Amino acid sequence: MRRNVLFALILVLFVCFSVPAWGAYPERSIKALVGFGAGGPGDVIARGILPVLQEKLGQGIAITNMPGAAGATAASNVLSQPADGYTLLLGTETMSVWQTMGIMKDMSYKNFIPIKLVSTAIPVLAVPPNSKFKTAQEFFNEAKANPGKLRISTAGPGTVPHASGLLAGKLLGCQFTFVPFQGGAPAITAVMGGQVDATIEMVQSMVEANKAGKLKILASFTNEPVPGLDIPVMGKLYPSFAPHLPYGPYFGLFAPQKTPDNVVKILTEKMDEAVKDKRWLDYTDRLYLPRINYSGAEAMKFLEEWTSKSAWLFYDAGAAKANPADFGIKKP
């Protein structure tokens, strides 16, 4: 009897270790939601990194644009799905200001696990092709002389373009009228069509239009020139800007909290491979995108510091609806 039991136990162990395990993630395709429209900075990032990731995972990743509420519509949709790794978010900097801007009181980046932060981006000031402004100085001098006259299109409240305009107003004594759109692409279309006086958007979304003469880029919100581009920099034009620069959005892949540890581990490992892939490196170089590579505790530290800086900028400029301290956001 004992010999039969021992034989049965050995047989069971043999089968367990010989047959491939069922339920290995991912078993089916994954959906990744982007909270802004096609052609905007978040969409550009998603379509650069996620095709590489899907190859590493061995399963397809369907990218779905779901614009609205500064990316909160897409984030809410992700949180409404099972936290199983099959519905993910391509998150952006707006996650850091949903609460202070009054967009979502009960949701922030803390509702998500940062699988990998992959890139920042460089905002630039651009005007219509037939604009009378030839330099950034001319533009800001006009804004000082006529408060509120100049209209700047943005990707919506709480975005980096909005924050950059507020920062300019605070440091240079300017006042603008901000015209919000549901994403960077329509904001850029508005400036190309002369519907607004300027836009502040990411350079990767405007560099080709600038080369084609469809708009004019006047300055980048950096302290040093963008490699490969002959664009004046705000940190040199206005030294008061220098301590606040570079100031740009972040982009990364996020999973809902409570996603199983093994799924997070697999996604993180495959994203580690994806961000080192030559296709992603070439893609970011071509679009002038500064690369970052943060996961886990390092990513959370980055997000905490970025949130502190951004949320308090909006609050101090009078653009936020709530005090960041009410949400435990420390002042930088």
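Provided above is the structure to which this section pertains.
Every value quoted in this text rests on a predicted model; they were computed, and no experiment measured them. (Residues numbered from 1 in each chain as written. Predicted model: local features only at pLDDT ≥ 70, side-chain atom pairs only at ≥ 80, totals over all residues. Heavy atoms only, no water.)

### Thoughts on the packing of aromatic side chains
Phase 1 of the analysis: Going through the model one piece at a time under the given rule, you end up with 16 aromatic pairs.
Phase 2 of the analysis: Taken together, a centroid distance of 5.2 Å and an interplanar angle of 65° make the contact between Tyr 25 and Tyr 86 edge-to-face. Residue Tyr 25 is located in the loop between α1 (2-18) and β1 (30-34), and its partner Tyr 86 is located in the loop between α3 (72-80) and β3 (87-92); the two are separated by 61 residues in the primary sequence. Residues Tyr 25 and Tyr 86 agree in their burial class; the two are buried.
Phase 3 of the analysis: Centre to centre, the rings of Tyr 238 and Phe 241 are 6.5 Å apart; their planes meet at 50°, and the pair counts as tilted. The same class applies to Tyr 238 as to Phe 241, namely buried. (Phe/Tyr/Trp six-rings, centres within 6.5 Å; stacked < 30°, edge-to-face > 60°. Helix = DSSP H or I, 4+ residues; strand = E, 2+ residues; numbered from the N terminus. Buried < 20%, exposed > 50% of the residue type's maximum accessible area, 1.4 Å probe, protein only.)

### A short note on the sheet that holds strand β9 (residues 216-220)
Phase 1 of the analysis: Taken in spatial order, the 5 strands line up as β7-β6-β8-β5-β9 in an open sheet, and their pairing is mixed. Whereas interior strands pair on both sides, the edge strands pair on one side only; in this sheet they are β7 (177-180) and β9. Geometrically, the sheet is characterised by an average inter-axis angle of 30° between neighbouring strands, direction not taken into account.
Phase 2 of the analysis: Pairing of strand β6 (residues 151-154) with strand β8 (residues 198-202), which is carried by 2 bridges, proceeds in the parallel orientation. Considered in β8, the bridge of Ile 152 is made with Ala 198.
Phase 3 of the analysis: Together, β5 (123-127), β6, β7 and β8 form the strand contacts of helix α5 (residues 160-172), whose direction differs from that of β8 by roughly 125°. (Pairing = 2+ DSSP bridges. Axes fitted to C-alpha atoms, helices over the stretch in contact; angles between N-to-C directions. Contact = heavy atoms within 4.5 Å.)

### Points about the pairing of strand β2 (residues 61-65)
Phase 1 of the analysis: Examined bridge by bridge, β1 and β2 share 5 bridges and lie parallel to one another. The partner of Val 34 across the bridge, within β2, is Asn 65.
Phase 2 of the analysis: One crossover worth recording links β1 to the parallel β2 by way of helix α2 (residues 41-57), and it is right-handed. (Right-handed = clockwise from strand over helix to strand, strands pointing away.)

### With respect to the packing of α2 against helix α10 (residues 278-286)
Phase 1 of the analysis: Orientation of α2 relative to α10, taken along the N-to-C sense of each, is 175°, at an axis distance of 10 Å. Between α2 and α10, the crossing angle belongs to the class labelled roughly antiparallel. Note on element contacts: α10 touches α2 through Arg 279, Trp 280 and Tyr 283, opposite Val 44, Ile 45, Arg 47, Gly 48, Ile 49, Val 52, Glu 55 and Lys 56. (Parallel < 35°, antiparallel > 145°, perpendicular 65-115°, else oblique.)

### Concerning the sheet that holds strand β4 (residues 112-120)
Phase 1 of the analysis: Across the sheet, 6 strands lie side by side as β2-β1-β3-β10-β4-β11; this open sheet has mixed pairing. Of all strands in the sheet, those with a lone pairing partner are β2 and β11 (291-294), marking the two edges. The mean angle between the axes of side-by-side strands here comes to 25°, regardless of whether they run parallel or antiparallel.
Phase 2 of the analysis: Along the sheet face, α2 touches β1, β2, β3, β4 and β10 (250-256) and points at about 165° away from the line of β2.
Phase 3 of the analysis: Set on the sheet, α3 makes contact with β1, β3, β4 and β10; between it and β3 the angle comes to about 150°.

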